[in-house]
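# Per-entry structural report
Now for the letters of each chain:
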Amino acid sequence: MAIFRSLEWSGNALRLLDQRRLPSETRYVELYDPESVAEAIRSMVIRGAPAIGAAAAYGLALAALNSPAVQTSDLIRDVEKAADLLRNSRPTAVNLFWAIQRVMNKVYANHETTCDKLRDLILQEAHKIAEEDIRANRQIGQNAQPLVPNPARILHHCNTGSLATVDYGTALGIVRCAFESGKQVHVYLDETRPRLQGARLSAWELNQLGIPHTVIVDGASGFVMRKIGIDLCVVGADRIAANGDAANKIGTYNLALAAKAHGVPFYVAAPTSTIDMNIRSGDEIPIEERSAEEITHVGKERIVPEGSPVLNFAFDVTPAHLITAIITEAGIAYPPFEESLARLMDSGG
Ligand code: MRU
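Please read these numbers as outputs of a predicted model, since none were measured by experiment. (Residues numbered from 1 in each chain as written. Predicted model: local features only at pLDDT ≥ 70, side-chain atom pairs only at ≥ 80, totals over all residues. Heavy atoms only, no water.)

## Points about the nonpolar core
The condition is simple: Residues belong to one nonpolar core when they are buried, are Ala, Val, Leu, Ile, Met, Phe, Trp, Tyr or Cys, and are joined through side-chain atoms within 4.5 Å. Whether a residue is buried, partly exposed or exposed follows from its accessible area with a 1.4 Å probe, protein chains only, as a fraction of its type maximum: under 20%, in between, or over 50%, in that order. Helix and strand assignments follow DSSP, with helices taken as H or I runs no shorter than four residues and strands as E runs no shorter than two, numbered in order from the N terminus. Contacts were defined at the residue level, with two residues in contact if any of their heavy atoms lie within 4.5 Å.
Core analysis: the biggest nonpolar cluster contains 48 residues, and Leu7, Leu14, Ile41, Leu60 and Ile122 have the highest contact counts within it. Breaking this core down by element, the ones donating at least two residues are strand 1 (7-9), strand 2 (14-17), helix 1 (34-42), helix 2 (49-66), helix 3 (72-87), helix 4 (94-109) and helix 5 (115-144). Top element by residues in this core is helix 2. It accounts for 13 residues. If we skip the residues at most four places from it in the chain, Leu60 touches Val79, Ala82, Ala83, Leu86, Ile100, Val103, Met104 and Ile122.

So this is what it looks like as structure tokens:
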């Protein structure tokens, strides 16, 4: 287990490790209402698809705990209001919508129970979502091992470790599992402009775990493949369409193109809660655009001249034809993904 947790329930509050302050400060914030949870997701105190899904589930538990309702129908109305608020916090990661829907299904299935019982059921569902995420990540790590040679030079984008999940991680969970099973791994971490999840967060995690790594600028990945050699790229995902197109942190698509050009396998690792079978292709994935300041400023310093417009897509979509395989807790899907993902989801994903 990691010595830190991206999130934890403290009895009457949700504690989040404030990821905006890492690596210089390890500070937790305590949130007591769904409004603060939605704001923490929006401002990226917590980030990463599975982590924001679990946080939103706890946000609904807070809504239920805080509600003064004595009638179950009034409690449901208060929880629905919080669900709307949380759904509007970030648009791309489907885990957010998946987790909220899962809790709401529990709510609707128990609309005839007492308020206190329903409050408890909502909290239990949030705990289940969190626990299942950890199990899924460990299973993803195990499932991927036949694809990880020994030794392995691995290229990774963004942060997909314990911080981006409830614990262990998806793509970085695969790295961790390889390392824990005695493989010699070296991870090249894209710094991941503009929020620097690779440089700030992935490097911080790998440092704590003692996993050998090197931070590179995003633009270096092609040259690192050519000059040093990379055995595989592995990244996470925020939403995977039924045809295998995968949305992930901006820059992932460029990395996949470079991998294709160099004959490097390109793997996407994600729990099945990231697969959105309701959309046929990546064209239907809503892509978040974030504030210009993320690009124009580094810290407090402006680095782009006043008057120069910027475009800040937070995510991109890697087309399925650039993806070698999609690794989930329910198994590994290979192209054609329309068929393999459908099979995998039917088999219990
Ligand atoms: O904007 P972020 O930091 O929330 O983006 C995170 C990513 O793109 C991750 O790769 C993805 O959520 C998978 S995390 C297991």
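## Overview of the domain arrangement of the chain
What counts here: Note that the domain bounds reflect an automated or database-derived domain assignment. By convention, the term buried area covers the 1.4 Å-probe accessible surface removed from two parts as they join, with the contributions of both added. Salt bridges are identified by distance alone: a Lys or Arg side-chain nitrogen within 4 Å of an Asp or Glu carboxyl oxygen.
For the chain, the domain assignment lists domain 1 (7-138) and domain 2 (144-346). A separation of 25 Å is found between the C-alpha centroids of domain 1 and domain 2. Taken residue by residue, the interface counts 30 residues in domain 1 and 32 residues in domain 2. Summed over both partners, the interface of domain 1 with domain 2 buries about 2700 Å², with 57% contributed by carbon and sulfur atoms. For domain 1, the biggest contributors to the area lost against domain 2 are Arg47, Thr92 and Asn137; these three give 23% of the whole. Between the two partners, domain 1 and domain 2, sit 1 salt bridge. Among the ionic pairs, Glu288 bridges to Arg90, the shortest N-O distance being 2.9 Å.

## A look at the pattern of salt bridges
Tallied over the entire structure, the rule returns 23 salt bridges. For the salt bridge of Glu39 with Arg42, the shortest nitrogen-to-oxygen distance reads 2.9 Å. Residue Glu39 and its partner Arg42 are located together in helix 1, separated by 3 residues, close to a single helical turn. On the basis of relative accessible area, Glu39 is assigned to the partly exposed category, the value being 39%.

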